[in-house]
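Notes for the structure review
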Amino acid sequence: MAETIDPVRADDAPLSTSKHHAAAIDAATQHYDTPEQGDPDQLIGRTVTINRPRAELYAFWRDFANLPSFMDNVERIDVLDDRRSHWTVKAPGGTHVEWTAAITDEAEGEFIAWASEEGASVPNSGRIDFRDAQGDRGTIVTATILYDPPAGLIGKVIAKMFQREPAIQARRDLRRFKQLMETGEVATGARNRREREERKN
Amino acid sequence: MRALTWHGKHDVRVDTVDDPEILNPRDAIIKITSTAICGSDLHLYDGYIPTMKSGDILGHEFMGEVVEVGAKSTLKKGQRVVVPFTISCGSCYHCGKHQYSACDNGLPADNQDIAQTLYGQPMAGLFGYSHMTGGYAGGQAEYVRVPFSDVGPIVVPDGVEDDKVLFLSDILPTGWMAAENAEIEPGDTVAVWGCGPVGLFAVQSAFLMGAARVIAIDHFPRRLELARRFGAETINFEETATYEALLEMTGGIGPDACIDAVGLEAHGFFVDNVVDQIKASLFLGTDRTHSIRQAILACRKGGRVSMPAVYGGFVDKFPLGAFMEKGLTLKTGQTHVQHYLPGLLNAIMEGKIDTTFLISHTLPLENAPDGYRMFHDKQNEVTKVVLKPGLERVELDI
């Protein structure tokens, strides 16, 4: 069998770091589960190393009720059953978006893959992978997210203006996850509760 | 509470603001008993540092009494503590290696973006030093919220006056680390550019580490006099050709180790460096950005260059050829304050290091704006201003 050479796999680097966005997204949609509806045209990949054991990080993440403690934009997550959860997420202009996500595949301690179901206001899918880091550095956590932004590019620009752009959020959420797991708390520069609320908005 | 707040260029005021509160389990609230104005605060005062907001509380050299603790703080109410200027978590990989200023978690997630863009990776948080270092309120106030209080603050014994230990917060460990980075061997000659607080502490530290000679370089006579008091020989660069003098004073060899403590005040930012470059290119500048180049040229072959001085952005005309051909070693970085605190506190208690000589003025916190103006305008006479909260404002003739 002749090997198919993936055009974006010129090297060993992750797809999300490719300079060829469209080809990378095509390749990613073949490798990963995609949402029930929508046509993903955004690919986010972000990796962080966390100085904690892999099993502990996986277990914390797998309990979706824990996620709003470090995902600042997530208003609430209602766990519907073992595989399905309903997400309510802040969006630009004081609005919010919702979807129901279903786990499409998972391996204890290794990864969780999900995809949004029919009716999502932002169709999305992705994976969170947990791998042992080399040496005694803990665990390498990689989030890979495919999504279809509302109103295409304009939606993305507006979202970015309001700091709600999913790539920015994913980056910051992973940093907060690391802080919470490593230090037991999420760092804030605020002086008191009033200032902390002001800075969140 | 009362606090020194920033409102713009040369506009700092003592205002009444909301008190700090415990927000995280590892927090503590400290009632400030002494706080100093740092040379780097003058860059905020001069309006050089981006991401400042009106009303920000300044100050990153402070100490005081623990008045409130979070559930996971290891401090106890009533303890006296000195607080490091760097905010480090103690739990991440870098803190585990005692590289505290490279802490992964000291900066709030939202504030990490700018540092990541500028430096490739975010660094530790800092007190009272703009929003790109975390937007943490500083300690030129009656009270301050201290995150990760189980890792940073060091408890000082009762009966030791504030003036003896206050500088553990920043400038003493910075001067010590500068000397340590110079990898001094017994019998070495060490040259120190800049006799501000860090340079003067580097002079003391170099002798403690076995240097046979220290040559201190500055242009303020009073600061050179202080360096001489600790046994240094001096070069006044306004009167003397520095490179030529260094070679002649070292038998034509050059100093074994060179410490550049000149650019230090900037604490890692780029705007002032850009300004300096413009000044330098127009021949308006002093020798400031010149010091690292001069250090590299003067240093003996195979010697060491230590750079506590901060170069946040890009430096032009860096003598990379001389650096490579002579096989020099360069060590630098923001101070890993937490790593040095226990040893330096001991050195102070044993009388090996004196810090009180530095303080030229002690003022009520209410006079902080006067303190900034004096420190800014009279660098020869004003070597260090310490502020005390809780005292009435006094009329000063300055």
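About the cut-offs
- Residues numbered from 1 in each chain as written.
- Chains lettered and ligands numbered in written order.
- Predicted model: local features only at pLDDT ≥ 70, side-chain atom pairs only at ≥ 80, totals over all residues.
- Core = buried A, V, L, I, M, F, W, Y, C linked by C-beta atoms within 7 Å.
- Buried ≥ 20, exposed ≤ 12 C-beta atoms within 10 Å, placed from the backbone.
- Domains from an automatic or database assignment.
- Contact = placed C-beta atoms within 7 Å.
- Helix = DSSP H or I, 4+ residues; strand = E, 2+ residues; numbered from the N terminus.
- Arc of directions from axis to C-beta.
- pLDDT = per-residue confidence, 0-100.
- Nonpolar A, V, L, I, M, F, W, Y, C, P; charged D, E, K, R; others polar.
- Pairing = 2+ DSSP bridges.
- Axes fitted to C-alpha atoms, helices over the stretch in contact; angles between N-to-C directions.

**Concerning the nonpolar core**
Core analysis: the biggest nonpolar cluster contains 115 residues, and Ile30(B), Val190(B), Val192(B), Ala202(B) and Ile259(B) have the highest contact counts within it. Shared between two domains, this core holds at least three residues of each, these being domain 1 (2–170 + 336–388) and domain 2 (171–332) of chain B. Discounting residues that sit within four places of it in the chain, Ala202(B) has contacts with Gly175(B), Ala178(B), Ala179(B), Val192(B), Ile259(B) and Ala261(B). Within the second largest apolar cluster, 29 residues are counted, among which are Ala24(A), Trp87(A), Val89(A) and Trp99(A).

**A look at helix α13 (residues 368–377) of chain B**
All names here are of chain B. The set of residues buried in α13 consists of Ala368, Gly371, Tyr372, Met374 and Phe375. All buried residues of α13 fall inside an arc of 165° around its axis, so they share one side. Buried residues along α13 sit against β1 (2–8), β2 (11–16), β3 (28–37), α1 (41–45), β17 (361–364) and β18 (385–388).

**Concerning the confidence of the model for chain A**
Model confidence for chain A is summarised by a mean pLDDT of 87, while 88% of its residues fall at 70 or above. Averaged pLDDT values for the elements of chain A fall to 64 in helix α3 (residues 152–161) of chain A and rise to 98 in helix α2 (residues 54–62) of chain A.

**Focus: the interface of chain B and chain A**
In this complex, chain B contributes 29 residues to the contact, which on the side of chain A involves 20 residues. Here the side of chain B that touches chain A is composed, by residue class, of twelve nonpolar, nine polar and eight charged.

**Some remarks on the sheet that holds strand β15 (residues 304–307) of chain B**
All names here are of chain B. The sheet built from six strands is open, its strands ordered β13-β12-β11-β14-β15-β16 with parallel pairing. This sheet does not close on itself; its edge strands, each paired only once, are β13 (233–236) and β16 (329–332). Strand-to-strand twist in this sheet, taken as the mean axis angle between neighbours without regard to direction, amounts to 20°.

**Considerations on the pairing of strand β4 (residues 96–107) of chain A**
Residue and element names in this part refer to chain A. Bridge count between strand β3 (residues 84–90) and β4: seven bridges; the pairing is antiparallel. Its bridge partner lying in β4, Thr88 is registered against Glu98. Hairpin connection between β3 and β4: a loop of five residues separates the two successive antiparallel strands, and Gly93 in this loop has a positive phi of roughly 70°. Summarising the sheet, β4 and strand β5 (residues 111–116) pair through six bridges and their orientation is antiparallel. Within β5, the position partnered with Ile103 by the bridge is Trp114. Between β4 and β5, which pair antiparallel one after the other, the connecting turn spans three residues, and Gly109 there sits at a positive phi close to 80°.

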